[in-house]
Amino acid sequence: MTKTYIPKDYKPMFNILEMEIAIKHIKDFFEVELAKTLNLTRISAPLFVERETGLNDNLSGTERPVNFEMLDNPNKNIEIVHSLAKWKRDALKRYGFKEYEGIYTDMNAIRRDEILDNLHSIYVDQWDWEKIIKKEDRNIEYLKETVKKIYKVFLKTEKMLQIIYDDYVPFLANEIKFISSEELLQKYPDKSQKERENLIAKEYKAVFITQIGDKLSDGYKHDDRAPDYDDWSLNGDIIVYNEVLDSAFELSSMGIRVDKDKLIDQLEKANISEKTKYHNMIINEELPLTMGGGIGQSRICMLFLKTAHIGEVQASIWNDEIEEDCKKNNINLL
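So, here's what we can say about the structure. (Residues numbered from 1 in each chain as written. Predicted model: local features only at pLDDT ≥ 70, side-chain atom pairs only at ≥ 80, totals over all residues. Heavy atoms only, no water.)

## Observations regarding the side chain of histidine 309
Step number 1: Along the chain, the position of histidine 309 falls in the loop between helix 8 (297-304) and helix 9 (320-328).
Step number 2: Of note is the side chain of histidine 309, whose polar atom sits 3.4 Å from the backbone oxygen of aspartate 117.
Step number 3: Within the structure, histidine 309 has its side chain in polar contact with the backbone nitrogen of glycine 311 (distance 2.9 Å).
Step number 4: Beyond its immediate stretch of four places on either side in the chain, histidine 309 contacts Thr4, Asp117, Asn118, Met302, Trp318, Ile322, Cys326, Ile331 and Leu333. (Helix = DSSP H or I, 4+ residues; strand = E, 2+ residues; numbered from the N terminus. Polar contact = N/O pair within 3.5 Å; in protein donor to acceptor, adjacent residues only side chain to side chain. Contact = heavy atoms within 4.5 Å.)

## Looking at the environment of lysine 131
Step number 1: Take lysine 131: it is sitting in strand 6 (residues 123-132).
Step number 2: A sequence separation of 27 residues divides lysine 131 from tyrosine 104, and the C-alpha atoms of the two residues are 8.7 Å apart.
Step number 3: Sequence-distant contacts of lysine 131, that is, excluding residues within four places in its chain, are made with Leu38, Leu40, Leu92, Tyr100, Glu101, Gly102, Tyr142, Leu289, Thr290 and Met291.

## Notes on empty space enclosed by the protein
Step number 1: Tallied over the full model, the rule gives one cavity of 30 Å³ or more.
Step number 2: Each pocket or cavity is described by its volume, and for the largest cavity that value is around 30 Å³.
Step number 3: For the largest cavity, the full set of lining residues is Pro12, Phe14, Asn15, Ile16, Met19, Glu312, Asn332 and Leu334.
Step number 4: When the residues that make up the lining of the largest cavity are grouped by side-chain class, the tally is five nonpolar, two polar and one charged. (1 Å grid on protein atoms, 1.4 Å probe; cavity = no way out; pocket = protein on both sides within 12 Å on 5 of 7 lines; lining within 4 Å. Points joined across faces, edges and corners; volume = space filled by probe spheres on them. Nonpolar A, V, L, I, M, F, W, Y, C, P; charged D, E, K, R; others polar.)

Written as structure tokens, this is what we have:
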């Protein structure tokens, strides 16, 4: 059964060539504004890492990374990255960055186990960013202030599109609101996690759901998070209401990263006893305290260009059913 949602009377804003031009406008503008806002320097990012380093993102712990062997050194187990959540923290140390300085990268990944639908592809492109913070910054208020700064970049991007396209209709809320995953559960106790997100997104239009990864009062997690990069008490997702899809729409997952104590606690909760080189660097306090996240490049293009499918703003591979559904319903896959 198809997983493609077809909005009623859907008509794309642009043809394929116009879409490509608009995508470049958005990516160029957003990247520069994000770097200025968070004091970030662009650096090169790896497409793959050695498995033994422990620097690949394990996501929820069940996804299989694409792996291969190189001809000149077949003993190395090499993995295509899922994201650069851990690699960035190590890079900040190696590159000699100071407090309140940070980095961002163009991160490209392959997630072979994604379930394909309007929002999900096996190809992932995002801006991965990370910056060094102080110990006293490890609190919810500092996290919220950073979220507000990022949301202002979204608002600036919307204004840029209004200048370029005279008939562009703005839709973002003027400010982003905050709610914890536990508060969201108490607000909608009889709803599933996805239903809760849809309801709060429709009510607030823009919301940051905090504290994701640990079990809630009902004994379940709001969502899975790896135990070794985000501090589950100091993280969250930026979600907006997507009018085209009539649903919650995640733009970014981010957070303050684990320190020594939080790492040990969360590894224990996740029943992980084997520690990687990366884990030991945190436990030995060899890495800086940081915060960071990922912002989906195709996601923001999809939102601002009001497309029904992520395949309209990125080139990927789909199954025959999705391709046929899109072809019949005026959805132009790149």
